[in-house]
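Secondary and tertiary structure notes
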Amino acid sequence: MKKSRFELFDALKNLFNYRNNNQYFHSQIVYEIAKINIRRLLPISLLIIALTLIVFFMKLFEYEYNFYTFVFFVLLILILIISVFIILFEHKIQNSDMKLSTLQLIYRTYWFLLILLIAALYLIDAYTTEKMASLFAFYILLATIPILSFWEIFSLLVLPNVLTGFLLYFRIITLRETIFTILIYFLVSVFLSVFFYNTFYEHVRTKQRLLDLNQKLEIISITDPLTGVLNRLGFDQSFRKLWTLPIKPKTLSIISIDIDFFKPYNDTFGHQKGDECLMLIALALNLVFRQHSICIARTGGEEFAVLLSDMSDEELLVLTNNLRNEVALLEIEAGNKSVSEKLTLSFGIASHEFSKISSWNELYERSDHALYQAKNAGRNKVVMYKEII
């Protein structure tokens, strides 16, 4: 019975994690779609400006001017202002780290205002000429240019449908034409919009999953699977990234660490205990150096290395002694008790000016040489490399 309860708990936990992962992917996908919608505002704004200017100059040559003509021109100017505003600020919006809700508010507001103004233009034009130009092209534009979900396209199409109702009220179009416009145009637009949205959603989801997988593979490639710290490749990458920093460190230091008599420990207690020992040492390294180091790595079987910047010899010795104290508190029994009853560590420290270091191997060799001296001196020692690089 207890086993089944644990199995149920694990199943619920896995379900919760699965939902969390799906929610994370969904949020990433919706955010990417919002960024695409922002990018599309620029070309559509240019198109709207071109069409608006054409209509504007065509209206200028009309002989009859009245209040409705004046309102028509005002609406055209407002459309131009909104489109010019988007052209001026689209790049800034695109390159900013705005929240999803802010991005959605921007493109939804843009399309709402555009629909409102165009609907008013159609209404005025239909009222003054007593005939209605087809809204089908506008419906298709709204369904295919922005990537809108069902509820987004449904909400935005309310305005054109209300416009059609006004035209029926003023008897500019017949009931049959009204039903045809509302049902056929609306259904076609919703179908196209949902189709494009789902297509983009699947495309972006595939892209996001590939990116996530690549990131995980990259992390795996630079991480030691047993201890969770970096491996030699990760150590090398961390060192190389220092050259790309805008403000570079003045000095670099490497502390090379070796577990004393680790092979006898493995032979005495077994490889499983040896793995547990390595994990405990890695945990102690993280506790002591995490806030002070650039990175921590496992560079060999029982060897670790810590990369630090801008630290004095005294500070390095303090941290080294802190690690020795942490390991002492673990009270791990030694495999060879010739030095101590408990497991101990040997340390080699090397430091140099950052500008004079060509590769991390150069500095690592010095710290490794100091470590070799510490082991030859009887182990459980700290040796600092002093020779000029």
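Parameters at a glance
Residues numbered from 1 in each chain as written. Predicted model: local features only at pLDDT ≥ 70, side-chain atom pairs only at ≥ 80, totals over all residues. Heavy atoms only, no water. Helix = DSSP H or I, 4+ residues; strand = E, 2+ residues; numbered from the N terminus. Buried < 20%, exposed > 50% of the residue type's maximum accessible area, 1.4 Å probe, protein only. Contact = heavy atoms within 4.5 Å. Areas by Shrake-Rupley, 256 points an atom, 1.4 Å probe, with all protein chains shown as cover. Core = buried A, V, L, I, M, F, W, Y, C linked by side-chain atoms within 4.5 Å. Axes fitted to C-alpha atoms, helices over the stretch in contact; angles between N-to-C directions. Parallel < 35°, antiparallel > 145°, perpendicular 65-115°, else oblique. Left-handed = near helix turned anticlockwise from the far one by under 90°. Pairing = 2+ DSSP bridges. Salt bridge = Lys/Arg side-chain N within 4 Å of Asp/Glu carboxyl O. Phe/Tyr/Trp six-rings, centres within 6.5 Å; stacked < 30°, edge-to-face > 60°. pLDDT = per-residue confidence, 0-100. Arc of directions from axis to C-beta.

1. A short note on the overall build of the chain
Along its length, the chain carries 12 helices and five strands. For the chain, the proportion of its 389 residues judged to be buried stands at 40%. Here the contacts in the chain between residues at least 6 apart in sequence split such that 74% fall between residues at least 24 apart. By element, 62% of the accessible surface of the chain is carried by carbon and sulfur atoms, the whole surface being about 22800 Å².

2. Topic: the nonpolar core
Of all hydrophobic cores here, the largest spans 35 residues; its most connected members are L41, I79, Y110, W111, L114, L142 and L157. Residue assignment for this core shows that the elements contributing at least two residues are helix 1 (2-60), helix 2 (67-94), helix 3 (100-129), helix 4 (136-144), helix 5 (150-156) and helix 7 (175-222). A total of 10 residues in this core trace back to one element, the largest contributor, which is helix 3. Apart from residues no more than four positions distant in its own chain, W111 is found in contact with L41, I44, L142, I145, P146 and L156. One finds F262, C277, V288 and F289 within the second-largest nonpolar core, a separate group that totals 29 residues.

3. Details of the packing of helix 10 (residues 271-289) against helix 11 (residues 313-330)
At their nearest, the axes of helix 10 and helix 11 sit 9 Å apart, and the two run at 140 degrees to each other. Between helix 10 and helix 11, the interaxial angle falls into the category oblique. Relative to helix 11, helix 10 is oriented so that their crossing is right-handed. Contacts from L280, I281, A284, L285, L287, V288 and F289 of helix 10 reach helix 11 at L319, T320, N322, L323, E326, V327 and L330.

4. Observations regarding the environment of E341
You can see E341 is positioned in the loop between helix 11 and strand 4 (345-353). Distance from E341 to E331, taken between C-alpha atoms, is 9.1 Å for residues 10 residues apart in sequence. Dropping the residues within four chain positions of it, E341 is found in contact with E333 and A334.

5. Concerning the sheet that holds strand 5 (residues 382-384)
Pairing is mixed across the open sheet formed by five strands, whose spatial order is 2-3-1-4-5. On the outer flanks of this sheet lie strand 2 (293-298) and strand 5, each paired with one strand and no other. The mean angle between the axes of side-by-side strands here comes to 15 degrees, regardless of whether they run parallel or antiparallel. As paired elements, strand 1 (residues 251-259) and strand 3 (residues 303-309) share seven bridges and run antiparallel to each other. Bridging from a neighbouring strand, L252 pairs with S309 of strand 3. The sheet strands contacting helix 11 are strand 1, strand 3, strand 4 and strand 5, and the helix crosses strand 4 at an angle near 160 degrees.

6. Observations concerning the pattern of salt bridges
Per the stated rule, a full pass over the model turns up 10 salt bridges. The residue K216 makes a salt bridge to D212 at a minimum N-O spacing of 3.3 Å. A residue pair is termed a helical-turn pair when its members lie 3 or 4 positions apart in one helix, as K216 and D212 do in helix 7 at four residues.

7. A few points about the packing of aromatic side chains
Here the structure, examined in full by the defined rule, presents 12 aromatic pairs. Plain terms: the ring middles of F85 and F89 are 4.7 Å apart, the flat faces sit at 40 degrees to each other, and that makes the pair tilted. Taken together, the positions of F85 and F89, both in helix 2 and four residues apart, correspond to about one turn of that helix. Note on F85: relative accessible area 46%, which makes it partly exposed. What makes F89 partly exposed here is its relative accessible area of 34%.

8. Quick word on the confidence of the model for the chain
Note: predicted coordinates in regions of low pLDDT should not be interpreted at a detailed level. Taken over all residues, the pLDDT of the chain has a mean of 82, while the share at 70 or more is 87%. Note that pLDDT drops below 50 for residues 1-6; the model gives that stretch zero contacts with residues more than four away or on any other chain.

9. What about helix 9 (residues 262-269)?
Along helix 9, the positions that sit buried rather than exposed are F262, Y265 and N266. For helix 9, the arc enclosing every buried residue in end-on projection is 100 degrees, short of the 170-degree limit, so these residues lie on one face. Exposed and facing more than 90 degrees away from the buried side of helix 9 are K263, D267 and T268. Structurally, helix 9 contributes buried residues whose contacts are with strand 1 and helix 10. Positioned one or two residues after helix 9, G270 has a phi angle of 95 degrees, which is positive.

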